[in-house]
Amino acid sequence: MPGSFAIRLRCPVCELDSWVTLPDRSESGDEIRQRTWDFKCRQDGPQQGLPQEVIEVAPLYEERPSPGQESAPRE
Ligand SMILES: [Zn+2]
């Protein structure tokens, strides 16, 4: 069953953390944790590394705005 993950990766150059979202992965959280990922540091460009942190996130189904919340008139 596919899951979505958010992983935190640390740039080996400047040690700045970057979060990357991985939607619809077939891997488990452990497998995600044990492999290296490509990511892009804001300062140093493309990097690779092991995740510092892995969070499983709920799939983004049914994210509809609830009706009537935006257009309520206010005086
Ligand atoms: Zn960097």
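Owing to the predicted nature of the structure, the values given are computational and were not obtained by experimental measurement.

Parameters and conventions
- Residues numbered from 1 in each chain as written.
- Predicted model: local features only at pLDDT ≥ 70, side-chain atom pairs only at ≥ 80, totals over all residues.
- Heavy atoms only, no water.
- Donors = N, O, S within 2.8 Å, 3.2 Å for Na, K, Ca; no water.
- Tetrahedral: all angles 85-135°; square planar, octahedral: opposite > 155°, others 65-115°.
- Helix = DSSP H or I, 4+ residues; strand = E, 2+ residues; numbered from the N terminus.
- Buried < 20%, exposed > 50% of the residue type's maximum accessible area, 1.4 Å probe, protein only.
- Pairing = 2+ DSSP bridges.
- Axes fitted to C-alpha atoms, helices over the stretch in contact; angles between N-to-C directions.
- Polar contact = N/O pair within 3.5 Å; in protein donor to acceptor, adjacent residues only side chain to side chain.
- Contact = heavy atoms within 4.5 Å.
- Phe/Tyr/Trp six-rings, centres within 6.5 Å; stacked < 30°, edge-to-face > 60°.
- Lys NZ or Arg CZ within 6 Å of the ring centre and 35° of its normal.
- Core = buried A, V, L, I, M, F, W, Y, C linked by side-chain atoms within 4.5 Å.

1. Structural notes on the coordination of the zinc ion
Then comes step 1: With distances of 1.7 to 2.3 Å, the protein atoms coordinating the zinc ion are Cys11 (SG), Cys14 (SG), Cys41 (SG) and Asp44 (OD).
Then comes step 2: What the 4 donor atoms of the zinc ion show is an angle range of 103 to 115° at the metal, which sorts the shape as tetrahedral.
Then comes step 3: In terms of primary sequence, the donors binding the zinc ion are separated according to C-x2-C-x26-C-x2-D. A residue pair is termed long-range when its members are at least 10 positions apart, and cysteine 14 in the loop between β1 (3-10) and β2 (17-25) and cysteine 41 in strand β3 (residues 37-41) qualify at 27 residues.
Then comes step 4: Accessibility expressed as a relative area gives 4% for cysteine 41, which makes it buried.

2. Regarding the sheet that holds strand β5 (residues 51-57)
Then comes step 1: Strand order in this open sheet of 3 strands is β2-β1-β5, and the pairing throughout is antiparallel. Of all the strands in the sheet, just β2 and β5 have a single pairing partner and so form its edges. Shown here is a sheet whose adjacent strand axes are inclined to one another by a mean of 20°, direction ignored.
Then comes step 2: Where β1 and β2 come together, 7 bridges link them in antiparallel fashion. Its bridge partner being in β2, alanine 6 is matched across the sheet by threonine 21.

3. A word on the side chain of glutamine 47
Then comes step 1: Here glutamine 47 shows up in strand β4 (residues 45-49).
Then comes step 2: In terms of polar contacts, glutamine 47 uses its side chain to reach the backbone carbonyl oxygen of aspartate 44, at 3.3 Å.
Then comes step 3: Ignoring sequence-local partners within four residues, the contact set of glutamine 47 consists of Cys11, Pro12, Val13, Trp37, Asp38, Phe39 and Cys41.

4. Side note on the packing of aromatic side chains
Then comes step 1: One pass over the full model with this rule turns up 0 aromatic pairs.
Then comes step 2: Geometry around tryptophan 37 places arginine 35 over its ring, the cationic atom sitting 3.7 Å from the centre.

5. With respect to the nonpolar core
Then comes step 1: Counting 11 residues, the largest nonpolar core consists of Phe5, Ile7, Leu9, Cys11, Val20, Leu22, Ile32, Trp37, Phe39, Cys41 and Val54.
Then comes step 2: Every element with two or more residues in this core is listed here: β1, β2 and β3.
Then comes step 3: With residues near it in sequence (within four places) discarded, cysteine 11 still touches Leu16, Phe39, Cys41, Asp44 and Gln47.

6. Points about the environment of proline 23
Then comes step 1: Inspection of the secondary structure puts proline 23 in strand β2.
Then comes step 2: Among the residues examined, proline 23 registers a relative accessible area of 54% and is labelled exposed.
Then comes step 3: In this view, proline 23 contacts Gly3 and Ser4; residues no more than four positions away in its chain are not counted.

These figures come from the coordinates and say nothing about function on their own.
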